[in-house]
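Each chain is listed here by its residues.
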Amino acid sequence: MAEQESLEFGKADFVLMDTVSMPEFMNNLRLRFEKGRIYTFIGEVVVSVNPYKSLNIYGRDTIEQYKGRELYERPPHLFAIADAAYKAMKRRSKDTCIVISGESGAGKTEASKYIMQYIAAITNPSQRAEVERLNFSNTVVMSIELSSFPDRHRLMRKSYSFPLLQGGSEQLLRSLHLQKSLSSYNYIHVGAQLKCSINDAAEFKVVADAMKVIGFKPEEIQTAYKILATILHLGNLKFIVDGDTPLIENSKVVSVIAELLSTKTDMVEKALLYRTVATGRDVIDKQHTEQEASYGRDAFAKAIYERLFCWIVTRINDIIEVKNYDTTIHGKNTVIGVLDIYGFEIFDNNSFEQFCINYCNEKLQQLFIQLVLKQEQEEYQREGIPWKHIDYFNNQIIVDLVEQQHKGIIAILDDACMNVGKVTDEMFLEALNSKLGKHGHFSSRKVCASDKVLEFDRDFRIRHYAGDVVYSVIGFIDKNKDTLFQDFKRLMYNSSNPVLKNMWPEGKLSITEVTKRPLTAATLFKNSMIALVDNLASKEPYYVRCIKPNDKKSPQIFDDERCRHQVEYLGLLENVRVRRAGFAFRQTYEKFLHRYKMISEFTWPNHDLPSDKEAVKKLIEHCGFQDDVAYGKTKIFIRTPRTLFTLEELRAQMLVRIVLFLQKVWRGTLARMRYKRTRAALTIIRYYRRYKVKSYIREVARRFHGVKTMRDYGKHVKWPTPPKVLRHFEEALQAIFNRWRASQLIKSIPATDLPQVRAKVAAMEMLKGQRADLGLQRAWEGNYLASKPDTPQTSGTFVPVANELKRKDKYMNILFSCHVRKVNRFSKVEDRAIFVTDRHLYKMDPTKQYKVMKTIPLYNLTGLSVSNGKDQLVVFHTKDNKDLIVCLFSKQPTHESRIGELVGVLVNHFKSEKRHLQVNVTNPVQCSLHGKKCTVSVETRLNQPQPDFTKNRSGFVLSVPGN
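Note that the structure is predicted; figures quoted are calculated from it, not measured. (Residues numbered from 1 in each chain as written. Predicted model: local features only at pLDDT ≥ 70, side-chain atom pairs only at ≥ 80, totals over all residues. Heavy atoms only, no water.)

Visitor: Honestly, the sheet that holds strand S15 (residues 629-631) in this entry has me stumped. Any pointers?
Guide: Where strands meet in a sheet, backbone hydrogen bonds hold them as pairs that are either parallel or antiparallel. Strand order in the open sheet made by the 3 strands is S14-S16-S15, with antiparallel pairing throughout. Single-partner strands in this sheet number two, and they are strand S14 (585-588) and S15. Within this sheet the neighbouring strands show an average axis-to-axis angle of 20°, counted without direction. Inspection of the sheet shows S15 paired to strand S16 (residues 635-638) by 3 bridges, in the antiparallel sense. Each bridged residue has a counterpart across the sheet, and for Tyr 631 the counterpart in S16 is Ile 636. Together, S14 and S16 form the strand contacts of helix H15 (residues 352-383), whose direction differs from that of S16 by roughly 120°. (Pairing = 2+ DSSP bridges. Helix = DSSP H or I, 4+ residues; strand = E, 2+ residues; numbered from the N terminus. Axes fitted to C-alpha atoms, helices over the stretch in contact; angles between N-to-C directions. Contact = heavy atoms within 4.5 Å.)

So this is what it looks like as structure tokens:
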């Protein structure tokens, strides 16, 4: 029972049809074709309908689905048959054969390609590398095609001419004297008009690459191309008669053929127009008639195609043959044969070719029915099931009609060909009438005068198993004779191309040495068929029946009448009847139980009964099907398909519940596994982190051991890289260390210098990175107005004023004092001095003995603004928006920077009082004079003697010296 295909696609096995009838068979075949299911089983036979389009069902994934599986486990497919044949060969050491039959265009060649592709893919070369070169293990795969009598179009399609013309390069075609137009060649112009889904250009590349990969030499590949080109050119040869002398009308073609065959032009022309005959000791050249020349040309084309085909098969088998094979080591040398054979043919005009083809199919149909029937009987006997007689058409009588010694049609035809004198086709038909007139499967117009379908002296009818076929005797005599004259064989043997020469070894015989009469074509064909049937009978057969759905090569059309005819002559309905034999399905107890045990509580998940047979009986009784089955020794037999379908439905319902249960259990298992892994990971992480933390702490302790005794208190010590978890800890630890180190350094500083240090630290915090020179390297004096170097003339007058202000305003400390240049809201620039105490900021006039011009309480000061250059611009911002704009300057030393000192002492003082002083570093500086917004920008000018303010539209410009 094919798995995973619902009934919407029809029945996957014709054996499971409710009734065995042609209408139900055709309905199921059509439904599956329309649903894209081109394969259907008949037991172990695959019925294949050509889809006329590419399907994505042959890739690596599909191969894996069928590898090692039983037939019933997967949907119908060529791979299922191929795997069954391979398993029979490998497991039971049996020679097997896959017979692929069907008419031209049914997809036989593609089927054989896919089967061999599968066998190559599943063979594992790694296990037997010492005994093989390709993926064929101890298997020799033989592809056989009975190509003795192909029609021209089939010959040229199968001989790779279409792909050569469509896919060959311009250079290659030029060397072969070919052109891409298919209609230019008589042998293929009819086939060229038919539409086909095959991509000939892609096919050419695939085959050319494959020949290189498998080991064909470049000269061998080129010779194959030349032979194909020769066949095309032979088809274009035209013969005319000048009096009694035959001539070739287009003699240039002869030169081309001679060049391709590596021989002389005159020898080719002679072989086509004359036949060398030996009469005793004399040798004469006998001229052909126009008809004889045409027959000879066609026979030559077919012969060189046949030799090319056989040479390619032999060459491939030589390449892939296992070297140094030892049966004691590698086991029995078994074979898989792949037989690709054309199917039964009934045309409007049926001649000698159709007669041979249909005889071949009669022979194979007889073998097929006998083998299937024999297999069924043997299986019933083994299992102890009573055998029910099956009525089927035994076509042995038709086979005897054709091949019986002295009495059959082939024997009568051979007698006619060997008679001395002029023997005609009509005489052959007369012999048939006299010897076979009373045969139940033979008739002609003379035997049955009322049958007007048959023509007098032309037609005879054979009642084949596939239907009645009317044959025309015209050409039977000529086609049966060996029209491939010895002249052609000698011509090919004398070729300078070694590959061609080796294909025709019998050409080395001279005309006087060839004395034995060659066998006729019909006898050769009969002998090959008898040998083939004997060969197949010794092997375990598997079958692929190919059906052509329509003559238009359309993937959408299913021609019922056309398909019904093929079903009839392929004997498929007969096959279904034989296969069922009263029971639609059978399976071993073990496999049946494995598939259906979940249906019954007595067998799920495992039974405790004495045997699998007892467990199957219990399961069947539980479902109520005991009256529709029979129990063999190792297998259960189910009579009607409905029982099997019911079992499948019950199984599908239970599978849903089982899958849900398994999912639940598996999800729980996965969750527990994830939990355990997570817990283990967390434990490892915890211990690892602890280890890393301890390692880091130990390393820090080691590096900073004795840091108190170090001269720089550990400044030069490099900190180890911390683990990620301790990065914030490291920052905190470094901060603690830096504070400790700072405390150690501060302890060494005199108490009198601490205020200045704190001021410098405050200045650095506010201005570092924003101004270049903060004056940190010098001592900060603070009260520069009392310093004689800075104010030598007026320092004596400032001190009393400062003392008076101390008495009056009660300040405790002088923070800063310096000369400045200021500008007011009236754009008046004047030299002044500022005096900053811990309570007030005083603006003084040094020219009037430091008279206080303005007093600003420090609590009214909101911030400072300085520029980012080297200038000394300072803006004191006040709460009443009456900002003080000044530029500090020193007289000794000149241009000393005091901005950093001013900012530092003020910020440090405000910090000591737990107040914040805002310090802005910008250019231009924003300020407010009596509520009016303005800006002060700084510009550097060359040859500027000293800083000076000037008015502009937005405020003021402080010009400072640039040198």
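Visitor: I tried to follow the nonpolar core on my own but got confused; where do I start?
Guide: Side chains of nonpolar character tend, in soluble globular proteins, to be buried together. Phe 25, Phe 428 and Phe 460 are the most contacted members of the largest nonpolar core, which has 73 residues in total. Take this core: its biggest share by element is 13 residues, from H15. Ignoring any residue separated from it by four or fewer positions in sequence, one finds Phe 460 in contact with Ile 409, Leu 429, Leu 432, Phe 442, Ser 443, Ser 444, Val 469, Val 470, Tyr 471, Val 473 and Phe 476. One finds Leu 164, Leu 172, Leu 237 and Phe 239 within the second-largest nonpolar core, a separate group that totals 57 residues. (Core = buried A, V, L, I, M, F, W, Y, C linked by side-chain atoms within 4.5 Å. Buried < 20%, exposed > 50% of the residue type's maximum accessible area, 1.4 Å probe, protein only.)

Visitor: Before we go on, may I ask you to explain the pattern of salt bridges in this structure?
Guide: Should their charged atoms come close, side chains of opposite charge can pair. Per the stated rule, a full pass over the model turns up 32 salt bridges. With a closest N to O distance of 3.1 Å, Glu 830 and Lys 828 form a salt bridge. Given a relative accessible area of 17%, Glu 830 falls into the buried group. Between Arg 832 and Glu 830 there is a salt bridge whose closest N-O contact spans 2.7 Å. Here the salt bridges share partners, and the residues they tie into one network are Lys 822, Lys 828, Glu 830, Arg 832 and Asp 845. (Salt bridge = Lys/Arg side-chain N within 4 Å of Asp/Glu carboxyl O.)

Visitor: Would you explain the side chain of Gln 566 in this entry?
Guide: One can find Gln 566 in helix H23 (residues 560-569). Take Gln 566: its relative accessible area is 0%, and that puts it in the buried class.

Visitor: Where do I start with the packing of aromatic side chains in this structure?
Guide: Here a ring pair, both rings aromatic, is described through the centre-centre distance and the interplanar angle of the planes. All chains considered together, the criterion is met by 30 aromatic pairs. With centroids separated by 6.0 Å and ring planes inclined at 75°, the aromatic side chains of Tyr 58 and Phe 79 adopt a geometry described as edge-to-face. Linking Tyr 58 in the loop between strand S2 (45-49) and helix H2 (60-66) with Phe 79 in helix H3 (residues 78-92), this pair joins segments that are 21 residues apart in sequence. Judged on exposure class, the residue Tyr 58 and its partner Phe 79 are both buried. Residues Tyr 305 and Phe 309 carry aromatic rings whose centres are separated by 6.4 Å and whose planes lie at 40° to one another, so their mutual orientation is tilted. One end of the pair, Tyr 305, and the other, Phe 309, are both in helix H13 (residues 290-320), 4 residues apart, so they sit about a helical turn from each other. Here the aromatic residues Phe 352, Phe 355, Phe 428, Phe 442, Phe 460, Tyr 471 and Phe 476 are joined through ring pairs into a cluster of three or more. (Phe/Tyr/Trp six-rings, centres within 6.5 Å; stacked < 30°, edge-to-face > 60°.)

Visitor: Sorry if this is basic, but what is going on with the layout of surface pockets here?
Guide: Space left empty within the atom packing is revealed by a probe, the size of a water molecule, rolled over the atoms. The volume enclosed by the second largest pocket comes to roughly 1,400 Å³. Lining the second largest pocket are 44 residues, and of these Glu 44, Glu 379, Glu 540, Arg 579 and Lys 635 lie nearest its centre. The element best represented in the lining of the second largest pocket is H15, accounting for 8 residues. Each residue belonging to the lining of the second largest pocket can be placed in one class, and the counts come to 19 nonpolar, 6 polar and 19 charged. (1 Å grid on protein atoms, 1.4 Å probe; cavity = no way out; pocket = protein on both sides within 12 Å on 5 of 7 lines; lining within 4 Å. Points joined across faces, edges and corners; volume = space filled by probe spheres on them. Nonpolar A, V, L, I, M, F, W, Y, C, P; charged D, E, K, R; others polar.)

Visitor: Sorry if this is basic, but what is going on with the packing of H15 against helix H22 (residues 521-537) here?
Guide: In a pair of packed helices, the angle between the axes and the distance between the axes together describe the arrangement. At a minimum axis separation of 11 Å, H15 and H22 run at an interaxial angle of 20°. Accordingly, the angle class assigned to the pair H15 and H22 is roughly parallel. As H15 packs across H22, the resulting crossing turns out to be right-handed. Contact residues: H15 offers Phe 352, Cys 356, Tyr 359, Cys 360, Lys 363, Leu 364 and Leu 367, while H22 offers Ala 521, Ala 522, Phe 525, Lys 526, Met 529, Ile 530, Val 533, Leu 536 and Ala 537. In terms of residue class, the contact of H15 with H22 is built from 14 nonpolar, no polar and 2 charged. (Parallel < 35°, antiparallel > 145°, perpendicular 65-115°, else oblique. Left-handed = near helix turned anticlockwise from the far one by under 90°.)

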